[in-house]
Amino acid sequence: MSKIAFIYPGQGAQAVGMGKDFYEKSPLSRTIFDQASEAVNLDLKKLCFEENDLLDKTEYTQVAMVTACLAITRAVESMGLHADMTAGLSLGEYCAIAVAGGMCDLDAIRTVRSRGIFMEHAAPEGSGAMSAVLGMDAAVIENVLNGREGVSIANYNCPGQVVIAGATEAVKQACVEMKEAGAKMAIMLKVSAPFHSTLMEPAAKKLESVLSDITIHDAQIPVYANYTAKPELKADEIRKNLIMQAAHPVLWDESVRNMIADGADLMIEAGPGTVLSGFMKRISRRTRTLHAEDAETIENVLTSLEAE
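**Brief notes about a positive patch on the surface**
Piece 1. Together, Lys 184, Lys 281, Arg 282 and Arg 285 line one region of the surface with positive charge.
Piece 2. Tracing the backbone shows Arg 285 in the loop between α12 (275-283) and β10 (288-292).

Given below as C-alpha coordinates:
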(Lines give C-alpha, C1' and ligand atoms only; values in the text may rest on other atoms or scores of the structure.)
Protein backbone atom coordinates (compact mmCIF):
# COMPACT_ATOMS: atom_id res chain seq x y z
CA MET A 1 0.00 0.00 0.00
CA SER A 2 1.23 3.49 -0.87
CA LYS A 3 2.53 5.50 2.10
CA ILE A 4 3.34 9.19 2.43
CA ALA A 5 6.20 10.52 4.52
CA PHE A 6 6.40 14.16 5.60
CA ILE A 7 10.04 15.23 5.91
CA TYR A 8 11.38 18.44 7.44
CA PRO A 9 14.56 20.42 6.65
CA GLY A 10 17.08 21.59 9.19
CA GLN A 11 19.08 24.73 9.76
CA GLY A 12 20.43 26.28 6.59
CA ALA A 13 17.17 26.01 4.65
CA GLN A 14 15.69 29.15 6.22
CA ALA A 15 14.59 31.89 3.84
CA VAL A 16 12.93 35.27 4.17
CA GLY A 17 9.22 34.91 3.43
CA MET A 18 8.89 31.32 4.64
CA GLY A 19 5.33 30.65 5.74
CA LYS A 20 4.01 34.03 4.61
CA ASP A 21 1.64 32.63 1.97
CA PHE A 22 0.03 30.42 4.56
CA TYR A 23 -0.17 33.11 7.21
CA GLU A 24 -2.12 35.26 4.79
CA LYS A 25 -4.44 32.50 3.51
CA SER A 26 -4.81 29.87 6.25
CA PRO A 27 -6.43 30.57 9.65
CA LEU A 28 -4.59 27.53 11.06
CA SER A 29 -1.22 28.87 9.94
CA ARG A 30 -2.03 32.33 11.23
CA THR A 31 -2.91 30.91 14.63
CA ILE A 32 0.38 29.04 14.86
CA PHE A 33 2.43 32.14 14.06
CA ASP A 34 0.45 34.34 16.44
CA GLN A 35 0.43 31.89 19.34
CA ALA A 36 4.09 30.98 18.86
CA SER A 37 5.09 34.66 18.87
CA GLU A 38 3.37 35.08 22.20
CA ALA A 39 4.77 31.83 23.61
CA VAL A 40 8.43 32.70 22.94
CA ASN A 41 8.09 36.50 23.16
CA LEU A 42 9.33 37.08 19.62
CA ASP A 43 7.68 38.64 16.58
CA LEU A 44 7.95 35.54 14.42
CA LYS A 45 6.07 37.13 11.54
CA LYS A 46 8.68 39.88 11.31
CA LEU A 47 11.49 37.35 11.76
CA CYS A 48 10.23 35.06 9.00
CA PHE A 49 8.62 37.49 6.56
CA GLU A 50 10.88 40.59 6.53
CA GLU A 51 14.55 41.09 5.66
CA ASN A 52 16.54 41.11 8.92
CA ASP A 53 19.89 40.26 10.48
CA LEU A 54 18.55 37.67 12.92
CA LEU A 55 17.12 34.90 10.76
CA ASP A 56 20.53 33.31 10.14
CA LYS A 57 21.52 33.38 13.82
CA THR A 58 21.07 29.96 15.41
CA GLU A 59 19.13 31.15 18.44
CA TYR A 60 16.52 32.65 16.09
CA THR A 61 16.82 30.35 13.09
CA GLN A 62 15.62 27.24 14.86
CA VAL A 63 12.43 28.67 16.33
CA ALA A 64 11.63 30.43 13.04
CA MET A 65 12.11 27.25 10.99
CA VAL A 66 9.95 25.04 13.19
CA THR A 67 7.19 27.64 13.39
CA ALA A 68 7.11 28.08 9.60
CA CYS A 69 7.25 24.35 8.87
CA LEU A 70 4.44 23.56 11.29
CA ALA A 71 2.33 26.41 9.92
CA ILE A 72 2.82 25.01 6.41
CA THR A 73 2.02 21.46 7.51
CA ARG A 74 -1.19 22.32 9.31
CA ALA A 75 -2.41 24.12 6.20
CA VAL A 76 -1.52 21.09 4.07
CA GLU A 77 -3.37 18.77 6.45
CA SER A 78 -6.46 20.97 6.26
CA MET A 79 -6.49 20.20 2.52
CA GLY A 80 -6.82 16.51 3.29
CA LEU A 81 -3.19 15.39 2.96
CA HIS A 82 -1.77 13.47 5.92
CA ALA A 83 1.45 11.62 6.69
CA ASP A 84 1.85 7.91 7.39
CA MET A 85 5.32 8.50 8.85
CA THR A 86 7.62 11.44 9.53
CA ALA A 87 11.26 12.43 9.86
CA GLY A 88 13.16 15.68 10.15
CA LEU A 89 16.81 16.61 9.66
CA SER A 90 18.30 17.83 12.96
CA LEU A 91 15.92 20.51 14.30
CA GLY A 92 13.37 19.31 11.73
CA GLU A 93 12.86 16.28 13.96
CA TYR A 94 10.84 18.50 16.30
CA CYS A 95 8.39 19.19 13.46
CA ALA A 96 8.24 15.49 12.68
CA ILE A 97 7.40 14.62 16.29
CA ALA A 98 4.73 17.32 16.56
CA VAL A 99 3.10 16.20 13.33
CA ALA A 100 3.20 12.60 14.54
CA GLY A 101 1.35 13.61 17.71
CA GLY A 102 4.33 13.26 20.05
CA MET A 103 4.16 16.83 21.34
CA CYS A 104 1.97 19.85 20.78
CA ASP A 105 3.07 22.47 18.28
CA LEU A 106 3.72 25.17 20.88
CA ASP A 107 5.85 22.85 23.04
CA ALA A 108 7.93 21.97 19.98
CA ILE A 109 8.37 25.68 19.23
CA ARG A 110 9.22 26.56 22.85
CA THR A 111 11.76 23.74 23.03
CA VAL A 112 13.63 24.68 19.86
CA ARG A 113 13.76 28.28 21.05
CA SER A 114 15.75 27.01 24.04
CA ARG A 115 17.70 24.54 21.88
CA GLY A 116 18.84 27.30 19.55
CA ILE A 117 20.07 29.43 22.43
CA PHE A 118 21.89 26.49 24.02
CA MET A 119 23.59 25.55 20.76
CA GLU A 120 24.52 29.12 19.91
CA HIS A 121 26.41 29.46 23.18
CA ALA A 122 27.70 25.90 23.71
CA ALA A 123 31.12 26.63 22.21
CA PRO A 124 33.01 29.96 22.23
CA GLU A 125 32.78 31.82 18.93
CA GLY A 126 35.36 30.56 16.47
CA SER A 127 36.25 27.47 18.49
CA GLY A 128 34.13 25.08 16.43
CA ALA A 129 33.48 24.49 12.75
CA MET A 130 31.75 22.24 10.24
CA SER A 131 32.69 21.08 6.75
CA ALA A 132 30.80 19.29 3.99
CA VAL A 133 32.88 16.52 2.44
CA LEU A 134 31.73 15.79 -1.11
CA GLY A 135 32.45 12.91 -3.43
CA MET A 136 33.84 10.50 -0.85
CA ASP A 137 32.35 7.33 0.59
CA ALA A 138 31.34 7.60 4.25
CA ALA A 139 33.45 4.55 5.15
CA VAL A 140 36.58 6.27 3.80
CA ILE A 141 35.79 9.40 5.80
CA GLU A 142 35.34 7.30 8.93
CA ASN A 143 38.73 5.71 8.28
CA VAL A 144 40.45 9.09 7.85
CA LEU A 145 38.92 10.32 11.12
CA ASN A 146 39.56 7.09 13.04
CA GLY A 147 41.38 7.85 16.29
CA ARG A 148 41.48 11.58 15.59
CA GLU A 149 40.68 13.94 18.47
CA GLY A 150 38.40 16.93 18.13
CA VAL A 151 36.56 16.09 14.90
CA SER A 152 33.88 13.59 13.95
CA ILE A 153 31.07 12.98 11.48
CA ALA A 154 28.03 15.15 12.20
CA ASN A 155 25.68 14.30 9.31
CA TYR A 156 25.35 11.33 7.00
CA ASN A 157 23.19 13.24 4.50
CA CYS A 158 23.31 11.09 1.37
CA PRO A 159 25.81 9.15 -0.74
CA GLY A 160 28.63 11.52 -1.59
CA GLN A 161 27.79 14.10 1.07
CA VAL A 162 28.92 13.80 4.67
CA VAL A 163 29.37 16.67 7.13
CA ILE A 164 32.13 16.71 9.75
CA ALA A 165 32.27 18.91 12.84
CA GLY A 166 34.43 19.70 15.83
CA ALA A 167 37.24 22.01 16.93
CA THR A 168 38.08 24.49 14.17
CA GLU A 169 41.72 23.55 13.61
CA ALA A 170 40.95 19.83 13.76
CA VAL A 171 38.23 20.25 11.12
CA LYS A 172 40.53 22.27 8.85
CA GLN A 173 43.29 19.67 9.11
CA ALA A 174 40.78 16.88 8.43
CA CYS A 175 39.65 18.71 5.29
CA VAL A 176 43.21 18.75 3.98
CA GLU A 177 43.54 15.03 4.59
CA MET A 178 40.13 14.32 3.00
CA LYS A 179 41.25 16.00 -0.20
CA GLU A 180 44.53 14.08 -0.14
CA ALA A 181 42.51 10.86 0.31
CA GLY A 182 40.40 11.62 -2.78
CA ALA A 183 37.48 13.79 -1.70
CA LYS A 184 36.09 15.90 -4.54
CA MET A 185 35.67 18.87 -2.20
CA ALA A 186 35.75 19.68 1.50
CA ILE A 187 33.88 22.94 2.03
CA MET A 188 33.95 24.85 5.31
CA LEU A 189 30.37 25.78 6.22
CA LYS A 190 29.19 29.17 7.42
CA VAL A 191 27.70 28.07 10.74
CA SER A 192 27.88 29.52 14.22
CA ALA A 193 28.48 26.22 16.04
CA PRO A 194 29.80 22.68 15.46
CA PHE A 195 26.40 20.97 15.56
CA HIS A 196 26.09 17.25 16.30
CA SER A 197 29.62 16.99 17.70
CA THR A 198 30.91 16.40 21.23
CA LEU A 199 31.26 20.18 21.60
CA MET A 200 27.45 20.27 21.78
CA GLU A 201 27.34 18.13 24.93
CA PRO A 202 26.77 21.18 27.20
CA ALA A 203 23.78 22.11 25.03
CA ALA A 204 22.48 18.52 25.18
CA LYS A 205 22.59 18.55 28.99
CA LYS A 206 20.65 21.81 29.17
CA LEU A 207 18.20 20.50 26.58
CA GLU A 208 17.63 17.40 28.69
CA SER A 209 16.47 19.63 31.54
CA VAL A 210 14.03 21.47 29.28
CA LEU A 211 12.67 18.27 27.73
CA SER A 212 12.07 16.78 31.19
CA ASP A 213 9.42 19.47 31.71
CA ILE A 214 7.77 19.01 28.30
CA THR A 215 4.85 16.64 27.90
CA ILE A 216 5.72 14.06 25.26
CA HIS A 217 3.13 11.52 24.14
CA ASP A 218 3.41 8.25 22.29
CA ALA A 219 3.40 9.13 18.60
CA GLN A 220 0.42 8.20 16.46
CA ILE A 221 2.57 7.44 13.40
CA PRO A 222 6.25 6.40 13.26
CA VAL A 223 8.94 9.05 13.70
CA TYR A 224 12.30 8.05 12.20
CA ALA A 225 14.89 9.33 14.66
CA ASN A 226 18.12 11.08 13.69
CA TYR A 227 20.00 9.26 16.44
CA THR A 228 18.96 5.70 15.55
CA ALA A 229 17.48 6.00 12.02
CA LYS A 230 14.72 3.71 13.28
CA PRO A 231 10.95 4.28 13.60
CA GLU A 232 9.82 5.25 17.07
CA LEU A 233 6.43 5.57 18.75
CA LYS A 234 7.18 5.48 22.49
CA ALA A 235 7.34 8.80 24.33
CA ASP A 236 10.36 7.90 26.48
CA GLU A 237 12.39 6.91 23.44
CA ILE A 238 11.35 10.04 21.54
CA ARG A 239 12.59 12.19 24.44
CA LYS A 240 15.87 10.25 24.66
CA ASN A 241 16.45 10.53 20.90
CA LEU A 242 15.99 14.32 20.98
CA ILE A 243 18.58 14.65 23.74
CA MET A 244 21.06 12.33 22.06
CA GLN A 245 20.83 13.84 18.59
CA ALA A 246 22.14 17.22 19.77
CA ALA A 247 25.69 15.90 20.20
CA HIS A 248 25.61 12.82 17.95
CA PRO A 249 25.55 12.29 14.16
CA VAL A 250 22.37 12.71 12.15
CA LEU A 251 21.71 9.42 10.32
CA TRP A 252 19.59 10.96 7.56
CA ASP A 253 20.59 8.67 4.69
CA GLU A 254 19.79 5.55 6.74
CA SER A 255 16.54 7.06 8.06
CA VAL A 256 15.25 7.69 4.55
CA ARG A 257 16.24 4.22 3.39
CA ASN A 258 14.36 2.74 6.35
CA MET A 259 11.24 4.75 5.52
CA ILE A 260 11.39 3.50 1.95
CA ALA A 261 11.86 -0.07 3.16
CA ASP A 262 8.77 0.39 5.34
CA GLY A 263 6.64 1.40 2.38
CA ALA A 264 7.11 5.15 1.86
CA ASP A 265 6.86 5.79 -1.86
CA LEU A 266 6.15 9.53 -1.65
CA MET A 267 8.20 12.02 0.36
CA ILE A 268 6.75 15.50 0.89
CA GLU A 269 9.33 18.05 1.97
CA ALA A 270 7.32 20.57 4.01
CA GLY A 271 9.25 23.77 4.48
CA PRO A 272 11.55 26.26 2.74
CA GLY A 273 14.00 25.11 0.11
CA THR A 274 14.63 21.74 -1.52
CA VAL A 275 17.69 20.50 0.38
CA LEU A 276 16.09 17.19 1.33
CA SER A 277 14.70 16.71 -2.17
CA GLY A 278 18.27 17.09 -3.41
CA PHE A 279 19.46 14.40 -1.00
CA MET A 280 16.67 12.12 -2.22
CA LYS A 281 18.06 12.21 -5.77
CA ARG A 282 21.19 10.53 -4.42
CA ILE A 283 19.44 8.18 -2.00
CA SER A 284 16.63 6.83 -4.20
CA ARG A 285 15.60 8.18 -7.59
CA ARG A 286 12.71 5.72 -7.65
CA THR A 287 11.04 7.36 -4.65
CA ARG A 288 8.94 10.36 -5.62
CA THR A 289 9.60 13.59 -3.76
CA LEU A 290 7.35 16.66 -3.78
CA HIS A 291 7.95 20.03 -2.19
CA ALA A 292 5.46 22.10 -0.18
CA GLU A 293 6.68 25.61 0.53
CA ASP A 294 4.07 28.10 -0.69
CA ALA A 295 0.70 28.27 -2.44
CA GLU A 296 2.19 27.39 -5.82
CA THR A 297 4.10 24.33 -4.64
CA ILE A 298 1.13 23.12 -2.59
CA GLU A 299 -1.03 23.35 -5.70
CA ASN A 300 1.58 21.30 -7.56
CA VAL A 301 1.46 18.64 -4.83
CA LEU A 302 -2.31 18.40 -4.87
CA THR A 303 -2.48 18.36 -8.68
CA SER A 304 0.13 15.61 -8.80
CA LEU A 305 -1.80 13.47 -6.32
CA GLU A 306 -5.12 14.03 -8.06
CA ALA A 307 -3.59 12.86 -11.33
CA GLU A 308 -2.77 9.43 -9.88
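Picking up after the structure, the text goes on.
**Focus on the packing of helix α2 (residues 27-40) against helix α6 (residues 105-120)**
Piece 1. It is at 10 Å that the axes of α2 and α6 come closest, and there the two elements cross at 45 degrees. With respect to their mutual orientation, α2 and α6 come out oblique. For the crossing formed where α2 meets α6, the hand is right-handed. Together, Ile 32, Gln 35, Ala 36, Ala 39 and Val 40 of α2 and Asp 105, Leu 106, Ile 109, Arg 110 and Arg 113 of α6 make up the contact between the two elements.
Piece 2. In the contact of α2 with α6, the residues fall into six nonpolar, one polar and three charged.

**Quick notes on the pairing of strand β3 (residues 128-134)**
Piece 1. In terms of burial, β3 is a largely internal element, seven of the seven residues being buried.
Piece 2. Going residue by residue along β3, you find Gly 128, Met 130, Ala 132 and Leu 134 tucked away on one face and Ala 129, Ser 131 and Val 133 tucked away on the opposite face as well.
Piece 3. Pairing of β3 with strand β5 (residues 161-167), which is carried by seven bridges, proceeds in the antiparallel orientation. Pairing of Ala 129 across the sheet is with Gly 166, part of β5.
Piece 4. Alignment of β3 against strand β6 (residues 185-188), held across four bridges, turns out to be antiparallel. Paired with Ser 131 across the bridge in β6 is Met 188.

**Regarding the sheet that holds β5**
Piece 1. Pairing is antiparallel across the open sheet formed by four strands, whose spatial order is β4-β5-β3-β6. The sheet is open, and its two borders are formed by β4 (151-158) and β6, each paired with just one other strand. Across the sheet, the axes of successive neighbouring strands diverge by a mean angle of 25 degrees, strand direction being ignored.
Piece 2. In the packing of α12 onto the sheet, contacts are made with β4 and β5, and the angle to β4 comes to roughly 80 degrees.

**A word on the nonpolar core**
For soluble globular proteins, the rule of thumb is that nonpolar side chains tend to be buried together.
Piece 1. Counting 77 residues, the largest nonpolar core has Phe 6 and Met 103 as the members making the most contacts within it.
Piece 2. Looking at which element gives the most residues to this core, the answer is helix α4 (residues 58-78), with twelve residues.
Piece 3. Not counting the four nearest positions on each side in its chain, Met 103 is found in contact with Tyr 94, Ile 97, Ala 98, Ala 108, Ile 214, Thr 215, Ile 216 and Leu 242.

**Focus on unusual backbone geometry**
Piece 1. Phi at Ser 90 is positive, roughly 55 degrees, even though this residue is not glycine.
Piece 2. Note on placement: Ser 90 falls in the loop between β2 (85-88) and α5 (92-99).

**A closer look at the pairing of β4**
Piece 1. β4 sits mainly inside the fold: six of its eight residues count as buried.
Piece 2. Where β4 lies against β5, six bridges are found, and the strand directions are antiparallel. Each residue of the ladder has a partner; that of Ser 152, found in β5, is Ala 165.

**Quick notes on α4**
Piece 1. Taking 1.5 Å per residue as the helical rise, α4 with its 21 residues ought to reach 30 Å, and the 30 Å between its terminal C-alpha atoms agrees with that figure.
Piece 2. Following α4 by one or two positions, Gly 80 has its phi on the positive side, about 95 degrees.

**Some words on the layout of surface pockets**
A water-sized probe, rolled over the atoms, reveals where empty space remains.
Piece 1. Considering only enclosed or pocket space, the largest pocket measures out at about 580 Å³ in volume.
Piece 2. Lining the largest pocket we find 28 residues, and of these Gly 10, Gln 11, Gly 12, Leu 189 and Val 191 sit closest to its centre.
Piece 3. When residues of the lining of the largest pocket are traced back to their parent elements, those giving at least two are α4, α6, β3, β4, β5 and α12.
Piece 4. When its residues are assigned to classes, the lining of the largest pocket shows 13 nonpolar, twelve polar and three charged.
Piece 5. One number sums up the size of the second largest pocket: a volume of about 240 Å³.
Piece 6. In terms of lining, the second largest pocket is formed by 16 residues, of which the most central are Glu 120, Glu 125, Val 191, Ser 192 and Ala 193.

**Description of helix α9 (residues 201-212)**
Piece 1. In this model α9 runs 17 Å from its N-terminal to its C-terminal C-alpha over twelve residues, within 8% of the 16 Å that 1.5 Å per residue would give.
Piece 2. Among all positions of α9, only Ala 203, Ala 204, Leu 207 and Leu 211 are buried. Each buried residue of α9 lies within a common arc of 95 degrees when the element is viewed along its axis, so the set occupies one face.
Piece 3. Packed against the buried residues of α9 are α5, α6 and α10 (235-245).

**Some words on the environment of Ala 98**
Piece 1. Position of Ala 98 relative to the elements: it lies in helix α5.
Piece 2. Judged by its relative accessible area of 4%, Ala 98 is buried.
Piece 3. Sequence separation between Ala 98 and Met 244 is 146 residues; the distance between their C-alpha atoms is 18 Å.
Piece 4. Apart from residues lying up to four places away in sequence, Ala 98 is in contact with Leu 70, Arg 74, Met 103, Asp 105 and Ala 108.

Here is what the cut-offs are and how they apply
Residues numbered from 1 in each chain as written. Predicted model: local features only at pLDDT ≥ 70, side-chain atom pairs only at ≥ 80, totals over all residues. Heavy atoms only, no water. Patch = residues over 30% accessible without salt bridge, like charges linked within 9 Å, V, L, I, M, F, W, Y side chains within 5 Å. Areas by Shrake-Rupley, 256 points an atom, 1.4 Å probe, with all protein chains shown as cover. Salt bridge = Lys/Arg side-chain N within 4 Å of Asp/Glu carboxyl O. Lys, Arg positive; Asp, Glu negative; His and termini not counted. Charge placed at Lys NZ, Arg CZ, Asp CG, Glu CD. Helix = DSSP H or I, 4+ residues; strand = E, 2+ residues; numbered from the N terminus. Axes fitted to C-alpha atoms, helices over the stretch in contact; angles between N-to-C directions. Parallel < 35°, antiparallel > 145°, perpendicular 65-115°, else oblique. Left-handed = near helix turned anticlockwise from the far one by under 90°. Contact = heavy atoms within 4.5 Å. Nonpolar A, V, L, I, M, F, W, Y, C, P; charged D, E, K, R; others polar. Buried < 20%, exposed > 50% of the residue type's maximum accessible area, 1.4 Å probe, protein only. Pairing = 2+ DSSP bridges. Core = buried A, V, L, I, M, F, W, Y, C linked by side-chain atoms within 4.5 Å. Expected span 1.5 Å × (residues − 1). 1 Å grid on protein atoms, 1.4 Å probe; cavity = no way out; pocket = protein on both sides within 12 Å on 5 of 7 lines; lining within 4 Å. Points joined across faces, edges and corners; volume = space filled by probe spheres on them. Arc of directions from axis to C-beta.

The values are spatial; any link to function lies outside them.
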